[in-house]
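Observations on the three-dimensional arrangement
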Amino acid sequence: MDSSLLPSQSRVSLNHHLYAHAKVPDGLRHLILDIARATKYIHSAIRTTEAGLAGTINQFGEEQLQLDVLSNEMFERHLEESRLVATFVSEEQENVVELNLKAPYSVVFDPLDGSSLVDANFAIGSIVGIYSGNQVIGRKPREQVTALYVLYGPRTILVYGAGNGVHEFILNDVGEFILLRENLGVGDDAKNYSPGNLRAVTDTPFYRKAMNHWLDAKLTLRYSGCMVADIHHILSKGQGIFTNIGGSKYPEGKLRLAFECGPFAYLVTQAGGAASDGAISIMDRPIETVDQRTPLIIGSKNEVEKVAGILKNA
Ligand code: AFP
């Protein structure tokens, strides 16, 4: 018999970790497991579905891939089936969707981040934030009870935080997420930098200053174009800085507060790093609209402060 099928004391499943380590309430544990199940279907679809266009457009006017649509459906179906979700907000849908207003949680998600990279076969991901209650609008990322992401790369991994550290799991051959590393940490100083929306240097002089500072300080560039992969690099290596600053085509930066910046702010802050919009912590930015964008400076604390300082003195 294949030994990966046998339960072993050294293998810690996501379910067991949520129950025994994070001690999350049962309802939240079931919801996280339902979301994890949705991502297994996405993992499989990435390997088997064509990278073609669906012929539809999302709320931001971006053309949707068949995979975008399918990933959104997977999330929607699993959230609905969980019976635990009052409302959800998805990158692929214009408005807040109501499921069962008496249910205990609301969910924000980007079902497939980095989908423009699918044809190039780069890593892509899903991002999720969970709030208690039936509202997301008016809430701050600090109020999330859980954030998680799944990175579909050479290996599929899931990273979650629920107020008790940030933990990484790998999807094994039999479709179970198994603990890889506990308590990922982000150190205070960065050696790697990951500058998004870099075309903004043409009309945002401070961003050019930050870029020159990284070049002069001989930091190493690590940028893939998928924020899930790029911020996972920081959590995995224990240091780094990722930015997406306003300018050029995107005056407020390209990234959305609710389902992109908020969940990562929660995770990186919990791992000992910081996340700022240049003025205040992303953790304290109220979500005003579904499609709200914000500049993001995230990663090692000292470097986040340095870059925010360059912005303030610009
Ligand atoms: P897509 O989902 O359209 O591929 O966009 C990915 C993304 O939202 C985020 O994951 C990247 O960090 C960011 O865009 C990259 O933006 P730039 O190419 O402008 O740096």
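Model, not experiment: these values are computed from the prediction. (Residues numbered from 1 in each chain as written. Predicted model: local features only at pLDDT ≥ 70, side-chain atom pairs only at ≥ 80, totals over all residues. Heavy atoms only, no water.)

**Considerations on the site of the ligand**
- Not every one of the 15 residues close to the ligand is listed here, only the nearest: Asp113, Ser116, Asn197, Tyr223 and Met227.
- Summarising the interface, the protein chains cover 85% of the accessible area of the ligand, which totals 490 Å² for the free molecule.
- Judged by the fraction of its atoms near the pocket grid, the ligand is located in the largest pocket.
- Residues belonging to the shell around the ligand are distributed by class as follows: 5 nonpolar, 6 polar and 4 charged.
- When residues of the shell around the ligand are assigned to domains, at least three map to each of domain 1 (8-181) and domain 2 (192-312). (Near = heavy atom within 4 Å. Areas by Shrake-Rupley, 256 points an atom, 1.4 Å probe, with all protein chains shown as cover. 1 Å grid on protein atoms, 1.4 Å probe; cavity = no way out; pocket = protein on both sides within 12 Å on 5 of 7 lines; lining within 4 Å. Sits in = over half its atoms within 2 Å of the grid points. Nonpolar A, V, L, I, M, F, W, Y, C, P; charged D, E, K, R; others polar. Domains from an automatic or database assignment.)

**What to know about the sheet that holds strand E15 (residues 296-299)**
- With mixed pairing, 5 strands are arranged side by side in an open sheet as E12-E11-E13-E15-E14. Looking at strand neighbours, the two that pair on one side only are strand E12 (220-221) and strand E14 (274-276), the edges of this open sheet.
- As defined by bridge partners, strand E13 (residues 241-244) adjoins E15 across 4 bridges and the pair is classed as antiparallel. Bridge pairing in E15 links Thr243 to Ile297.
- On top of the sheet, helix H4 (residues 205-216) reaches strand E11 (192-196) and E13; it is set at about 155 degrees to E11, its chief contact.
- The strands touched by helix H7 (residues 301-312) are E13, E14 and E15; relative to E15, the strand with the most contacts, the crossing angle is about 155 degrees. (Pairing = 2+ DSSP bridges. Helix = DSSP H or I, 4+ residues; strand = E, 2+ residues; numbered from the N terminus. Contact = heavy atoms within 4.5 Å. Axes fitted to C-alpha atoms, helices over the stretch in contact; angles between N-to-C directions.)

**Quick look at empty space enclosed by the protein**
- If you walk through the whole model with that rule in mind, you get 1 cavity of 30 Å³ or more.
- Computed from the structure, the largest cavity encloses a volume of approximately 30 Å³.
- Taken together, Asn192, Tyr193, Ser194, Arg222, Asp230, His233, Ile234, Gln239, Gly240 and Ile241 make up the lining of the largest cavity.
- Of all the secondary structure elements, the ones that give two or more residues to the lining of the largest cavity are E11 and helix H5 (227-237).
- For the lining of the largest cavity, a count of residues per class yields 3 nonpolar, 5 polar and 2 charged. (Points joined across faces, edges and corners; volume = space filled by probe spheres on them.)

**Digging into the environment of Leu180**
- Checked against the element boundaries, Leu180 lands in strand E10 (residues 177-181).
- As a C-alpha pair, Leu180 and Leu158 span 22 residues in sequence and 9.6 Å in three-dimensional space.
- Leaving out residues up to four positions away in the same chain, Leu180 has contacts with Arg155, Ile157, Glu168, Phe169 and Ile170.

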